[in-house]
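Reading the structure
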Amino acid sequence: MNQLQNFTKGLLKENPILVLVLGTCPTLGVTTSAMNGLGMGLATTFVLIMSNLVISLVKDFIPDKVRIPSFIVIIASFVTVVELVMQGFMPALFEQLGLFIPLIVVNCIVLGRAEAFASKNGVLSSVVDGFGMGLGFALALTVLGSVRELLGSGAIFSLKLIPGDLMLVFVLAPGAFIALGYLIAITKKLNSK
Amino acid sequence: MEYIIIIISAIFVNNIVLAQFLGICPFIGVSNKISTSLGMGGAVLFVITLATIVTWLVQYYILQPLGIQFLQTIAFILIIAGLVQMVEIILKKVSPGLYAALGVFLPLITTNCAVLGVAILTIQKEFSLMEGVVFAIANSVGFSFALVIFAGIREHLDLMEVPAGMRGVPIALVTAGILALAFMGFTGLV
């Protein structure tokens, strides 16, 4: 597999959320608006790239038995970095995403890529894989956020497109489940072509 | 009185799965049958309560006195991972029956964000240890509650004719959405 294929597989064909259905908790929790979705997506992308990079570098030194705990410590360190940077430079976004920033640690996508890809492949492939998967995650989050924001308050990225109040339920909890359900169904249809 | 508010709020108003979006993976993954979801609920109750107690003690007796709260995420996830492993080993020795019932669910729990979520929320809300325990138990009950209701619905859903594209995860998510809508009726209860 060349690097380009390696990169693009995360976007649609093996999209972590829409096809593999991993990391649903932050997906549903933070996508009340397109901006929140994008912010969360980029934060996770950073963690994915960095943890894939470090894990592919140290994979030969870690005994097989303590593999998973070591991966978790590496991931948790980068999550802490994201937490502190966001708190310092983007306090408003940090406040919005709240609990879901520390919860990147238990996002199945990050540990999943570490175990399934970075622990078996070289540095460059792992970074590209992390980047592609992260962007696929960010893409799905942004699309879901946009759909919910548009249906719920008639805006995308706070840009008002449709005047008046719409179906507020899409910004609230039930709308998250329903919108994601339909998005997954649509992706299935697109991929089956 | 405070405890009652915590309990009602955690189970109905701010249900951990349907309003807070924590623990969705097991919610979608193991909720095919009522019996398995009860098993998962039991395992989660056990681990969440234990994890909340230990992380609370670590936060207030180690991290805070030393001024290293920024290590919270790393410390908590390690505690939870270690705890799950330990529970598994102890349970295997002491109560093989319970282990057989909960065993398969235990490894899954480390990556269940409900556990880490409740531990962090307990610190964020500045609960006392006792309040934290009540909060943890109430949230686990809320988790099991949502899981069992959802499993009941899905058992019926299996017999329905669902359009091809919506089969599996999509219809489950839409169903969960409608269930969340029902739970929104509890808003304003406390």
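Okay, so let's go over this structure.

Definitions and limits used
- Residues numbered from 1 in each chain as written.
- Chains lettered and ligands numbered in written order.
- Predicted model: local features only at pLDDT ≥ 70, side-chain atom pairs only at ≥ 80, totals over all residues.
- Heavy atoms only, no water.
- Helix = DSSP H or I, 4+ residues; strand = E, 2+ residues; numbered from the N terminus.
- Rg over C-alpha atoms; globule rule 2.2 N^0.38 Å.
- Buried < 20%, exposed > 50% of the residue type's maximum accessible area, 1.4 Å probe, protein only.
- Areas by Shrake-Rupley, 256 points an atom, 1.4 Å probe, with all protein chains shown as cover.
- Lys, Arg positive; Asp, Glu negative; His and termini not counted.
- Charge placed at Lys NZ, Arg CZ, Asp CG, Glu CD.
- Patch = residues over 30% accessible without salt bridge, like charges linked within 9 Å, V, L, I, M, F, W, Y side chains within 5 Å.
- Salt bridge = Lys/Arg side-chain N within 4 Å of Asp/Glu carboxyl O.
- Contact = heavy atoms within 4.5 Å.
- Core = buried A, V, L, I, M, F, W, Y, C linked by side-chain atoms within 4.5 Å.
- Phe/Tyr/Trp six-rings, centres within 6.5 Å; stacked < 30°, edge-to-face > 60°.
- Buried area = accessible area lost by both parts, 1.4 Å probe.
- Polar contact = N/O pair within 3.5 Å; in protein donor to acceptor, adjacent residues only side chain to side chain.
- Nonpolar A, V, L, I, M, F, W, Y, C, P; charged D, E, K, R; others polar.
- Expected span 1.5 Å × (residues − 1).
- Axes fitted to C-alpha atoms, helices over the stretch in contact; angles between N-to-C directions.
- Parallel < 35°, antiparallel > 145°, perpendicular 65-115°, else oblique.
- Left-handed = near helix turned anticlockwise from the far one by under 90°.

Some details on the overall build of chain B
Looking only at helices and strands, one finds nine helices and zero strands in chain B. Starting at the N terminus and walking to the C terminus, you meet the elements of chain B as α-α-α-α-α-α-α-α-α. Relative to a compact globule of 190 residues, whose C-alpha radius of gyration would be 16 Å, chain B shows 17 Å and is just as compact. In terms of its C-alpha atoms, chain B occupies a principal-axis envelope of roughly 60 × 45 × 30 Å.

Some words on the overall build of chain A
From N to C terminus, chain A includes eight helices and two strands. Start at the N end of chain A and walk to the C end: the helices and strands fall as α-α-α-α-α-α-α-β-β-α. Each of the three principal axes of chain A carries a C-alpha extent, and together these read 60 × 45 × 25 Å. Sorting the 193 residues of chain A into buried and exposed places 53% on the buried side. Counting every atom, chain A has about 8400 Å² of accessible surface; 72% of that belongs to carbon and sulfur. Each charge class in chain A was averaged separately, 12 positive and 9 negative side chains, and the resulting centres sit 11 Å apart.

Comments concerning a nonpolar patch on the surface
All names here are of chain A. A surface patch of nonpolar side chains, amounting to about 470 Å² of accessible area, comprises F46, V81, V85, F89 and M90. When residues in the nonpolar patch are grouped by element, the largest group, three residues, is from helix 4 (residues 67-89). Inspection of the secondary structure assignment puts M90 in the loop between helix 4 and helix 5 (91-97). On the basis of relative accessibility, which here comes to 38%, the residue M90 falls in the partly exposed class.

Examining helix 1 (residues 2-13) of chain B
Listing the buried residues of helix 1 of chain B in full gives I6, S9, A10, I11 and V13 of chain B. In this fold, the buried residues of helix 1 of chain B make contact with helix 8 (129-157) and helix 9 (169-184) of chain B.

Focus: the nonpolar core
Counting residues in hydrophobic clusters, the biggest one holds 102 residues, and the most contacted among them are F177 of chain A together with L18, F27, I109 and L116 of chain B. It is helix 4 (residues 72-94) of chain B that contributes the most residues to this core, 10 residues altogether. Those residues within four positions of F27 of chain B in sequence are excluded, and the remaining contacts are V17, L18, A146, L147, F150, R154 and A176 of chain B. Listed in part, the five residues of the second largest apolar core include A185 of chain A together with V162, M166 and V174 of chain B.

As for the packing of aromatic side chains
Residue and element names in this part refer to chain B. In this structure the tally under the stated criterion is eight aromatic pairs over all chains. On the numbers, 4.8 Å between centres and 45° between planes, the contact of F12 with F186 is tilted. Placement of F12 in helix 1 and of F186 in the segment after helix 9 is noted, with a sequence separation of 174 residues between them. The partly exposed category is assigned to F12, whose relative accessible area is 25%. Between F127 and F135, the aromatic rings sit 5.1 Å apart at their centres with planes inclined by 55°, giving tilted as the arrangement.

Some thoughts on the interface of chain A and chain B
Frequently, the measure chosen for interface size is the accessible area that the parts lose on association. Between chain A and chain B, the contact holds 34 residues from the first and 34 residues from the second. For the pair chain A and chain B, the two sides together bury roughly 2900 Å², of which 85% comes from carbon and sulfur. Considering only the side of chain A, the residues that lose the most area to chain B are L99, V106 and F177 of chain A, jointly responsible for 23% of the buried surface there. Inspection of the chain A/chain B interface yields one residue pair in polar contact (both at pLDDT 80 or more). With 11 residues, helix 8 (residues 173-192) of chain A is the largest single contributor of residues to the side of chain A that touches chain B. Looking at side-chain class alone, the side of chain A that touches chain B contains 27 nonpolar, five polar and two charged residues.

What to know about unusual backbone geometry
Residues and elements named next belong to chain B. Even without being a glycine, F21 presents a positive backbone phi close to 60°. Along the chain, F21 falls in the loop between helix 1 and helix 2 (24-29). Positive phi outside glycine occurs at E126, with the angle close to 55°. Note that E126 resides in the loop between helix 7 (113-124) and helix 8. The exposure class assigned to E126 is exposed, which follows from its relative accessible area of 66%.

Comments concerning the pattern of salt bridges
Residues and elements named next belong to chain A. Evaluated as defined, the whole model comprises two salt bridges over all chains. Between R67 and E115 there is a salt bridge whose closest N-O contact spans 2.9 Å. Taken as a pair, R67 in helix 4 and E115 in helix 6 (residues 108-118) lie far apart in primary sequence, 48 residues in all. Given a relative accessible area of 26%, E115 falls into the partly exposed group. Here R113 ties to D129 by a salt bridge, and the two come within 2.9 Å at their closest N and O atoms. Separated by 16 residues along the polypeptide, R113 in helix 6 and D129 in helix 7 (residues 123-153) bring together distant segments of the chain.

Side note on helix 4 of chain A
Three- or four-residue spacings in an α-helix give side chains the same orientation, since the helix completes a turn every 3.6 residues. Helix length check: helix 4 of chain A, at 23 residues, gives a terminal C-alpha distance of 33 Å against a target of 33 Å (1.5 Å per residue), a fit within 8%. Turning to helix 4 of chain A, its buried residues are S70, F71, I72, I74, I75, A76, F78, V79, T80, V82, E83 and M86 of chain A.

Topic: the packing of helix 8 of chain B against helix 9 of chain B
Residue and element names in this part refer to chain B. Between helix 8 and helix 9, the shortest axis-to-axis distance is 11 Å and the interhelical angle comes to 130°. Classified by the interaxial angle, the pair formed by helix 8 and helix 9 is oblique. The way helix 8 lies across helix 9 gives a crossing that is right-handed. Across the interface between the two elements, F145, A146, I149, F150, I153, R154 and L157 from helix 8 touch I171, A172, T175, A176, L179 and F183 from helix 9.

Don't take any of this as a statement about function, it's just geometry.
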